[in-house]
Amino acid sequence: MPRFERKALMDKFQDMKRRRIPIVGGGAGTGLSAKCEEEGGIDLIVIYNSGRYRMAGRGSLSGVLAYGNANEIVVEMAREVLPVTKKTPVLAGVNGTDPFCLFDPFLDQLKAMGFSGIQNFPTVGLIDGVFRANLEETGMSYGLEVDLIRLARSKDMLTTPYVFNAAEAEAMAKAGADIIVCHLGLTTGGSIGSKTSLKLADCPALVDDWAEAALKVNKDAIIIVHGGPVSMPSDAQFILSNTKNCHGFYGASSMERLPTEIALVEQTKAFKALSF
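Nothing here was measured: the structure is a model prediction, and the numbers come from that model. (Residues numbered from 1 in each chain as written. Predicted model: local features only at pLDDT ≥ 70, side-chain atom pairs only at ≥ 80, totals over all residues. Heavy atoms only, no water.)

**Q** How should I be thinking about the packing of helix α5 (residues 103–113) against helix α7 (residues 142–154) in this particular structure?
**A** Two quantities define a packed helix pair, namely the angle between the axes and the distance from one axis to the other. Between α5 and α7, whose axes approach to 10 Å, the crossing angle comes to 55°. The pairing of α5 with α7 is recorded here as oblique in orientation. Read as a crossing pair, α5 and α7 show a hand that is right-handed. Residues Phe 103, Asp 104 and Leu 107 of α5 form the contact with α7, whose own contacting residues are Leu 148, Leu 151 and Ala 152. (Axes fitted to C-alpha atoms, helices over the stretch in contact; angles between N-to-C directions. Helix = DSSP H or I, 4+ residues; strand = E, 2+ residues; numbered from the N terminus. Parallel < 35°, antiparallel > 145°, perpendicular 65-115°, else oblique. Left-handed = near helix turned anticlockwise from the far one by under 90°. Contact = heavy atoms within 4.5 Å.)

Structure below.
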């Protein structure tokens, strides 16, 4: 597939922002997911290791644990996804804390393969408590993910980082991030979704707070929301209708796992209802 230039994409997304057309992105763990999302009119696709895991029936947090080399997996997934996407930019999830990755040539490799940009995933932003403090203290910090976004921006790649609080939103905006993705936690719902989550009613205030931090740095920043209780179109509509500065939605489990679960279960039930 052709790689889409950052300027053309940002012109399109800024125009959508001005015209108040929600920007919708989605994760794809398989080539079929990517094909279906493209047919549905999605604006951008992101692939990373959790997509493979969740479509294999494992929880998305598998992507944060040591079950495989995340940066190698995204290159493997590219061979499945990139050839079947014809008109949609595809971004790579990159593990910015990988101490064995040479990021300068790796980002060049991703560009050459046809990726239009990157996202910071796996991310230590999903980790909290003492474990997170220890990661920060021992050279595996969120700051490395900010550095990754800054490097990708210098290479004129589209950047859509996950942020988990206002300080991170500010830091990513300073690094030149194009689209700030407010991550509200592991997506709820379905057979392997989270049970512990924020309340949907509490999310708009968080999104606006993080958005304000980013927009103070870059008034042209685009803000979209992801995860937590925002798992269905009606949830995303609630966020868009109750925030001052949210310009779209990015779905991963909500875009491919939940629809697949529902469709397969209902189709199987329909076949099992056959009679002679």
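**Q** Mind showing me how you'd approach unusual backbone geometry here?
**A** Residues other than glycine predominantly adopt negative phi, and peptide bonds predominantly adopt the trans conformation. Note that the residue after Phe 121, namely Pro 122, is joined by a cis bond; omega there is 0°. For Arg 20, which is not glycine, the phi torsion reads 60° and is therefore positive. Its location among the elements puts Arg 20 in the loop between α1 (6–18) and β1 (23–27). Of the residues examined, Arg 20 reaches a relative accessible area of 73% and is grouped as exposed. With phi around 60°, Asp 156 is a residue other than glycine that occupies positive phi space. Within the secondary structure, Asp 156 is located in the loop between α7 and β5 (158–159). (Buried < 20%, exposed > 50% of the residue type's maximum accessible area, 1.4 Å probe, protein only.)

**Q** Is there a simple way to think about the nonpolar core in this case?
**A** Nonpolar side chains in soluble globular proteins tend to end up buried together. Of all hydrophobic cores here, the largest spans 75 residues; its most connected members are Phe 13, Ile 47, Leu 110, Phe 115 and Ile 118. Here the element with the most residues in this core is helix α9 (residues 203–217); it accounts for 7 residues. Filtering out sequence-adjacent residues up to four positions away, Phe 115 remains in contact with Arg 3, Ile 47, Val 74, Ala 78, Leu 82, Val 90, Leu 91, Ala 92 and Leu 110. (Core = buried A, V, L, I, M, F, W, Y, C linked by side-chain atoms within 4.5 Å.)

**Q** What exactly am I supposed to notice about the pattern of salt bridges here?
**A** Where charged atoms from two side chains of opposite charge approach closely, those side chains can pair. Applying the stated criterion across every chain yields a total of 18 salt bridges. Between Lys 155 and Asp 104 there is a salt bridge, with its nearest N and O atoms 3.1 Å apart. In this pair, Lys 155 is assigned in the loop between α7 and β5 and Asp 104 in helix α5, connecting sequence segments 51 residues apart. Several salt bridges converge on common partners, so that one network encompasses Arg 6, Asp 156 and Asp 178. (Salt bridge = Lys/Arg side-chain N within 4 Å of Asp/Glu carboxyl O.)

**Q** Please clarify how the packing of aromatic side chains should be interpreted in this entry.
**A** Aromatic ring pairs are defined here through the distance separating the ring centres and the angle between the ring planes. Overall, the coordinates contain 3 aromatic pairs when judged by the stated rule. Between the aromatic rings of Phe 121 and Tyr 162, the centroid separation amounts to 6.2 Å while the plane-to-plane angle is 80°, which identifies the pairing as edge-to-face. On the criterion of sequence distance, the pair formed by Phe 121 in the loop between β4 (117–120) and α6 (129–137) and Tyr 162 in strand β6 (residues 162–163) is long-range, its members being 41 residues apart. Across the pair, exposure class does not vary: Phe 121 and Tyr 162 are buried alike. Through a chain of ring-to-ring contacts, the aromatic side chains of Tyr 48, Phe 121, Tyr 162 and Tyr 250 assemble into a single cluster. (Phe/Tyr/Trp six-rings, centres within 6.5 Å; stacked < 30°, edge-to-face > 60°.)

**Q** Quick question: what am I supposed to make of the pairing of β1 here?
**A** Here is the key point about a regular strand: its side chains alternate between the two faces of the sheet. Of all 5 residues making up β1, 4 are buried, and the element is well covered by its neighbours. With 4 bridges connecting them, β1 and strand β9 (residues 248–251) associate as parallel partners. Bridge assignment links Ile 23 to a residue of β9, and that residue is Gly 248. Of the crossover connections in this fold, the one passing from β1 over helix α2 (residues 31–39) to the parallel strand β2 (residues 44–47) is right-handed. (Pairing = 2+ DSSP bridges. Right-handed = clockwise from strand over helix to strand, strands pointing away.)

**Q** Explain α5 here, please?
**A** An α-helical turn contains 3.6 residues, so a residue and the one three or four places further along point in the same direction. Among all positions in α5, only Phe 103, Phe 106, Leu 107 and Leu 110 are buried. The arc that holds every buried residue of α5, seen down its axis, measures 100°, which confines them to one face. Each element contacted by the buried residues of α5 is listed here: α4 (70–81), β3 (90–94), β4 and α7. Taken from the residues just after α5, Gly 114 is the one with a positive phi, measuring 120°. (Arc of directions from axis to C-beta.)

**Q** For this particular structure, what's the right way to read the side chain of Glu 168?
**A** If you trace the backbone, Glu 168 turns up in helix α8 (residues 166–174). A relative accessible area of 7% means that Glu 168 is categorised as buried. Not counting the four nearest positions on each side in its chain, Glu 168 is found in contact with Arg 132, Tyr 142 and Val 163.

**Q** Explanation requested: the pairing of strand β8 (residues 222–226) in the structure shown.
**A** Here β8 lies mainly inside the structure; 5 of its 5 residues are buried. Here β8 shows two buried faces, one formed by Ile 222, Ile 224 and His 226 and the other by Ile 223 and Val 225. Pairing analysis gives 5 bridges linking strand β7 (residues 179–183) to β8, with the strands arranged parallel. Counterpart to Ile 179 in the pairing with β8 is Ile 222.

**Q** Would you mind going over the side chain of Thr 85 with me for this structure?
**A** In this structure, Thr 85 sits in the loop between α4 and β3. For Thr 85, a relative accessible area of 0% corresponds to the buried category. Polar side-chain contacts of Thr 85 include one of 3.2 Å to the backbone oxygen of Leu 82. (Polar contact = N/O pair within 3.5 Å; in protein donor to acceptor, adjacent residues only side chain to side chain.)

Keep in mind that these numbers describe shape and distance, not what the molecule does.
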